[in-house]
Amino acid sequence: MKNAVIGNNKQKANLIVLGAVPRLLYLLQQETSSIELKTECAVVLGSLSMGTENNVKSLLDCHIIPALLQGLLSADIRFIEACLRCLRTIFTSPVTPVELLYTDATVIPHLMLLLSRSLHSQEYICQIFAHCCKAPDHQTILFNHGVVQNIAHLLTSVSYKVRMQALKCFSVLAFDNPQVSMTLVNVLVDGELLPQIFVKMLQRDKPIEMQLTAAKCLTYMCRAGSIRTDDNCIVLKTLPCLVRMCNKERLLEERVEGAETLAYLIEPDVELQRIASITDHLISMLADYFKYPSSVSAITDIKRLDHDLKHAHELRQAAFKLYASLGANDEDIRKKIIEAEHMMDRIVNGLSETSVKVRLAAVRCLHSLSRSVQQLRTSFQDHAVWKPLMKVLQNAPDDILVVASSTLCNLLLEFSPSKEVCVHLSHSLLKLLT
């Protein structure tokens, strides 16, 4: 069965339909089953969970998670690792409710104990924690169970996979959480403070995945107030690293992640905005984000075209977000952004994108630039931005309505030439209020 399902989604689906899962779970939980048989059952279940989302739903319907968690009470490390590997795959699926990890109060403490058993257990458990930490109450539960102290030493593990999963764990724990961030800043690992370890992980000789995740950790700690915005680890290390990730030589996924993290880092601080704007020609570098998908003629590039199409929306969204943060306070930066290649046309086009996230990012960018008196009188008037803005307001989600309405307020200020459209707007705005 194991050999039949490896890499074969059709076979996996067939076995699930034939009722293999309940039988495997029965054997997994039988006391009379040998540890070798239990381990093989866990391995097959893990392979089945790597199939389609429907496969995972079928496994969840058979109550696989309680059975696997029960398996973690075994003394055999191979069986424990097989259960953890399967749990990792199931919990990282988008169809699995992460709350299932927190329903039994004994699960988290037991996972903490298993961290010392092997490198594989450390990798899988950190990955489970990172994927299941989606809300402030999850952060609190993990923090209160000592996850910071238990995984901090894993950042110096001999295994790269363990180091990376521990690092990802810290990034989700620190996000928008002052309590966790204030604790992290004082944690010592082998005589070094955690921020110093994160800075070492930013070095150019480290894998890009590690650089990006370490930059996220430092960014989130800075935004949470545990690291000052003028600290050298932010100004001289984190910010340049994130700008480097925006370079066109990086993978599209890395460019998206780098731009969005940088936007979040500099959003409230004018000095960081000024430094970022003059680092590595960032403003002109972001113009490349709008050039995907690239024109493809050769049939051999179909895969690349498909990849570009998938990430084109994400790239535009990330660029708009970063432009919005860059232009939030400084008039000179706004002028440079407006003067970037086809910038106003791109914003106007962004307002009519099919993707809600891109539309929201475009409105935020427009809102940021609309704080400029000069641009209101020139570029905004030339492109009649109020017209596409009014279309955005129709049947828009609340988050878009809020930003778009604020942008309209700027367009209707006394010195704005767009104030003459007030009559056209009044009926639409009244409808929104009702």
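Bear in mind that the values here come from a model prediction, so they are computed numbers and not experimental data.

Some remarks on the UniProt feature "repeat: ARM" (unreviewed entry) in the chain
Piece 1. Per the UniProt annotation, the sites labelled "repeat: ARM" (unreviewed entry) are residues 19-55.
Piece 2. For residues 19-55, helix accounts for 76% and strand for 0%, while the C-alpha atoms at its two ends are 12 Å apart.

Considering the pattern of salt bridges
Piece 1. Taken as a whole and assessed by the stated rule, the structure comprises 15 salt bridges.
Piece 2. Among the salt bridges present, the one from K216 reaches E257, with a minimum N-O distance of 2.8 Å. Of the two residues, K216 is situated in helix α15 (residues 208-223) and E257 in helix α17 (residues 252-266); the sequence distance between them amounts to 41 residues.
Piece 3. Residue K216 is classed as buried on the basis of its relative accessible area, which comes to 19%.
Piece 4. What makes E257 partly exposed here is its relative accessible area of 28%.
Piece 5. Connected via shared salt-bridge partners are E271, R274 and D330.

Topic: the layout of surface pockets
A water-sized probe, rolled over the atoms, reveals where empty space remains.
Piece 1. The space that makes up the largest pocket amounts to roughly 1,300 Å³.
Piece 2. Contributing to the lining of the largest pocket are 40 residues, with F175, K216, Y220, E260 and T261 lying nearest its centre.
Piece 3. Sorting the residues of the lining of the largest pocket by element identifies α9 (119-132), α10 (136-144), α12 (160-174), α15, α17, α20 (302-326) and α23 (356-369) as the ones contributing at least two each.
Piece 4. Ranked by residues supplied to the lining of the largest pocket, first place goes to α17 with 8 residues.
Piece 5. Among the residues forming the lining of the largest pocket, the class breakdown is 15 nonpolar, 11 polar and 14 charged.
Piece 6. By volume, the second largest pocket amounts to about 300 Å³.
Piece 7. What lines the second largest pocket is a set of 16 residues, among which I65, P66, L69, D104 and V107 lie closest to the centre.
Piece 8. It is helix α6 (residues 64-71) that contributes the most residues to the lining of the second largest pocket, 5 residues altogether.
Piece 9. Grouping the amino acids of the lining of the second largest pocket by side-chain chemistry returns 10 nonpolar, 5 polar and 1 charged.

Section: the packing of aromatic side chains
Piece 1. Per the counting criterion, the structure on display carries 5 aromatic pairs.
Piece 2. With a centroid separation of 6.1 Å and an interplanar angle of 65°, the aromatic rings of F170 and F198 are classed as edge-to-face. Here F170 is found in helix α12, whereas its partner F198 is found in helix α14 (residues 194-200), with 28 residues between them in sequence.
Piece 3. What makes F198 buried here is its relative accessible area of 0%.

Things to note about the packing of helix α4 (residues 35-49) against helix α5 (residues 53-61)
Piece 1. At a minimum axis separation of 8 Å, α4 and α5 run at an interaxial angle of 135°. Relative to α5, α4 is oriented oblique. Between α4, through L45, L48 and S49, and α5, the contact on the second element is made entirely by N55, V56 and L59.
Piece 2. Grouping the amino acids of the contact of α4 with α5 by side-chain chemistry returns 4 nonpolar, 2 polar and no charged.

Observations regarding the side chain of N177
Piece 1. With respect to the helices and strands, the residue N177 is situated in the loop between α12 and α13 (178-184).
Piece 2. A distance of 3.0 Å separates a polar side-chain atom of N177 from the backbone nitrogen of V180.
Piece 3. Not counting chain neighbours up to four residues away, the residues in contact with N177 comprise Q139 and A224.

Description of the nonpolar core
Piece 1. Membership of the largest hydrophobic core comes to 148 residues, with the highest contact counts inside it found for L45, L101, F129, F170, L322, Y323 and L326.
Piece 2. Ranked by residue count, the leading element in this core is α15, at 10 residues.
Piece 3. If we ignore the near neighbours within four places in the chain, the residues touching L101 are F91, V107, I108, L111, I128, F129 and C132.

Observations concerning unusual backbone geometry
Piece 1. Of note, the phi angle at D176 is positive, near 55°, even though the residue is not glycine.
Piece 2. Its place among the elements puts D176 in the loop between α12 and α13.
Piece 3. Of the residues examined, D176 reaches a relative accessible area of 58% and is grouped as exposed.
Piece 4. A positive phi angle, close to 50°, is found at D280, a residue other than glycine.

Calculation criteria
- Once a new chain begins, its residue numbering starts again from 1 and follows that chain's sequence as written.
- The predicted nature of this model means local features are confined to residues of pLDDT at least 70 and side-chain atom pairs, given and counted, to a pLDDT of 80 or more, with totals for whole chains, interfaces and linings taken over all residues.
- Calculation of side-chain values draws on the structure's entire complement of heavy atoms; hydrogens and water are dropped beforehand.
- UniProt positions are given in the numbering used here, feature names are shortened, and annotations may be inferred rather than shown by experiment.
- Note on conventions: DSSP H or I runs of at least 4 residues are helices, E runs of at least 2 residues are strands, and numbering of each starts at the N terminus.
- Salt bridge, as applied in this entry: a Lys or Arg side-chain nitrogen positioned within 4 Å of an Asp or Glu carboxyl oxygen.
- Remark: exposure states derive from per-residue accessible area (1.4 Å probe, protein chains only) relative to the maximum for the residue type, with buried under 20%, exposed over 50%, and partly exposed in between.
- Using protein atoms alone on a 1 Å grid, points that fit a 1.4 Å probe yet trap it form a cavity, whereas open point sets bounded by protein on both sides within 12 Å along at least five of seven lines form a pocket; residues with an atom within 4 Å of a point count as lining.
- Grid points are joined across faces, edges and corners, and a volume is the space filled by probe spheres set on the points.
- Amino acids are sorted into nonpolar (Ala, Val, Leu, Ile, Met, Phe, Trp, Tyr, Cys and Pro), charged (Asp, Glu, Lys and Arg) and polar (every other residue, Gly among them).
- Any two rings among Phe, Tyr and Trp, with Trp reduced to its six-membered ring, count as a pair given centres within 6.5 Å; such a pair is stacked if its planes are under 30 degrees apart, edge-to-face if over 60, and tilted if neither.
- Lines fitted to the C-alpha atoms define the axes, with helices restricted to the stretch that makes contact. Angles between their N-to-C directions range from 0 to 180 degrees.
- These descriptions rest on fixed angle ranges, namely under 35 degrees for roughly parallel, over 145 for roughly antiparallel, 65 to 115 for roughly perpendicular, and the rest for oblique.
- Residue contacts are counted whenever heavy atoms from the two residues lie within 4.5 Å of one another.
- Polar contacts here mean pairs of N or O atoms no more than 3.5 Å apart (in protein, one a potential hydrogen donor and the other a potential acceptor; neighbouring residues in sequence count only if both atoms are side-chain atoms).
- Working definition of a nonpolar core: buried Ala, Val, Leu, Ile, Met, Phe, Trp, Tyr and Cys residues. They are joined through side-chain atoms within 4.5 Å.

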